[in-house]
Each structure stands twice: as structure tokens, then as C-alpha cells.
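Chain by chain, the residues:
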Amino acid sequence: MNSYLIFWLVGFATLWAGLRLFDDEVLLIAALIVGSVLVLAGLLSAPTRLQIGVEVALIVSLFHVCMECIKRGDRA
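Keep in mind it's a predicted model, so treat the numbers as computed, not measured. (Residues numbered from 1 in each chain as written. Predicted model: local features only at pLDDT ≥ 70, side-chain atom pairs only at ≥ 80, totals over all residues. Heavy atoms only, no water.)

## Considering the overall build of the protein chain
Helices and strands together make up the secondary structure of the protein chain, namely three helices and zero strands. The order of α-helices and β-strands along the protein chain, N terminus first, is α-α-α. The C-alpha radius of gyration of the protein chain comes to 16 Å, more than 25% above the 11 Å expected for a compact globule of 76 residues. Along the first, second and third principal axes, the C-alpha atoms of the protein chain reach 50 × 40 × 15 Å. Split into buried and exposed, the 76 residues of the protein chain put 18% on the buried side. Taking the contacts inside the protein chain whose residues are at least 6 apart along the sequence as the reference set, 58% of them involve residues at least 24 apart. Surface exposure of the protein chain reaches about 6200 Å², of which carbon and sulfur atoms provide 73%. Looking at charge distribution, the protein chain has the averaged site of its 5 positive side-chain charges lying 15 Å from that of its 6 negative ones. (Helix = DSSP H or I, 4+ residues; strand = E, 2+ residues; numbered from the N terminus. Rg over C-alpha atoms; globule rule 2.2 N^0.38 Å. Buried < 20%, exposed > 50% of the residue type's maximum accessible area, 1.4 Å probe, protein only. Contact = heavy atoms within 4.5 Å. Areas by Shrake-Rupley, 256 points an atom, 1.4 Å probe, with all protein chains shown as cover. Lys, Arg positive; Asp, Glu negative; His and termini not counted. Charge placed at Lys NZ, Arg CZ, Asp CG, Glu CD.)

Encoded structure:
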């Protein structure tokens with residue numbers, strides 16, 4: 001029932017390990033791909049309300065990043 005939490009825990013731990021422990025580019029890319037797939041699997045197996053909440057939060061954060069890029073852009 002809460003298998004999505006296990007996927008997220010292992011996925012985020014893999015992402016963290018990939019960013020902190022590996023200096024070789026091949027190992028870094030492999031760890032990031034595996035971690036991303038595990039996080040995505042956790043999101044897909046999560047309850048629908050949680051999926052919608054995560055998606056709304058991602059869209060809001062992406063909008064904020066886009067607005068910051070526009071503010072910093074060349075206005076000439």
C-alpha cells in the first residue's frame with residue numbers, strides 16, 4: 001500500500017549518492033537515471049490526491065523559475 005514511499009526513499013537516496021559520491025561521469029549519469037526512474041515509479045504508484053498535489057507544486061515552482069528568468073533576461 002505504501003510502496004511509493006519505499007520507491008521515493010530509494011530513489012532520492014540514489015540521486016543523493018550519485019551527486020555526492022561519484023566523480024566519474026558514467027557512474028553519475030547512471031545513478032541519476034536510476035534514481036529518477038525510482039522517483040517516477042514512486043509517483044506513479046502514489047495515491048491520486050498525492051499525485052495531483054505534487055504536480056501542482058511542480059507547476060508552481062516551474063512558473064516561479066520562469067518568472068525569475070524573465071526578470072533576469074536582457075531588456076534591451
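## Some details on the packing of aromatic side chains
Any two aromatic rings considered together are summarised by their centre-to-centre distance and by the angle between their planes. Scanning the entire structure with this criterion turns up one aromatic pair. Between Tyr4 and Trp8, the aromatic rings sit 5.4 Å apart at their centres with planes inclined by 85°, giving edge-to-face as the arrangement. Residue Tyr4 and its partner Trp8 are both found in helix H1 (residues 3–21); the two are separated by four residues, about one turn of the helix. (Phe/Tyr/Trp six-rings, centres within 6.5 Å; stacked < 30°, edge-to-face > 60°.)

## Considering the side chain of Thr14
In this structure, Thr14 sits in helix H1. Separated by 2.7 Å, the side chain of Thr14 and the backbone oxygen of Val10 make a polar contact. Residues within four places of Thr14 in sequence aside, it is in contact with Ala31, Val34, Gly35 and Leu38. (Polar contact = N/O pair within 3.5 Å; in protein donor to acceptor, adjacent residues only side chain to side chain.)

## Description of the confidence of the model for the protein chain
For the protein chain, mean pLDDT is 89; residues scoring 70 or higher make up 95% of the total. The element-level mean pLDDT for the protein chain is lowest in helix H3 (residues 48–72), coming to 88, with H1 highest at 93. (pLDDT = per-residue confidence, 0-100.)

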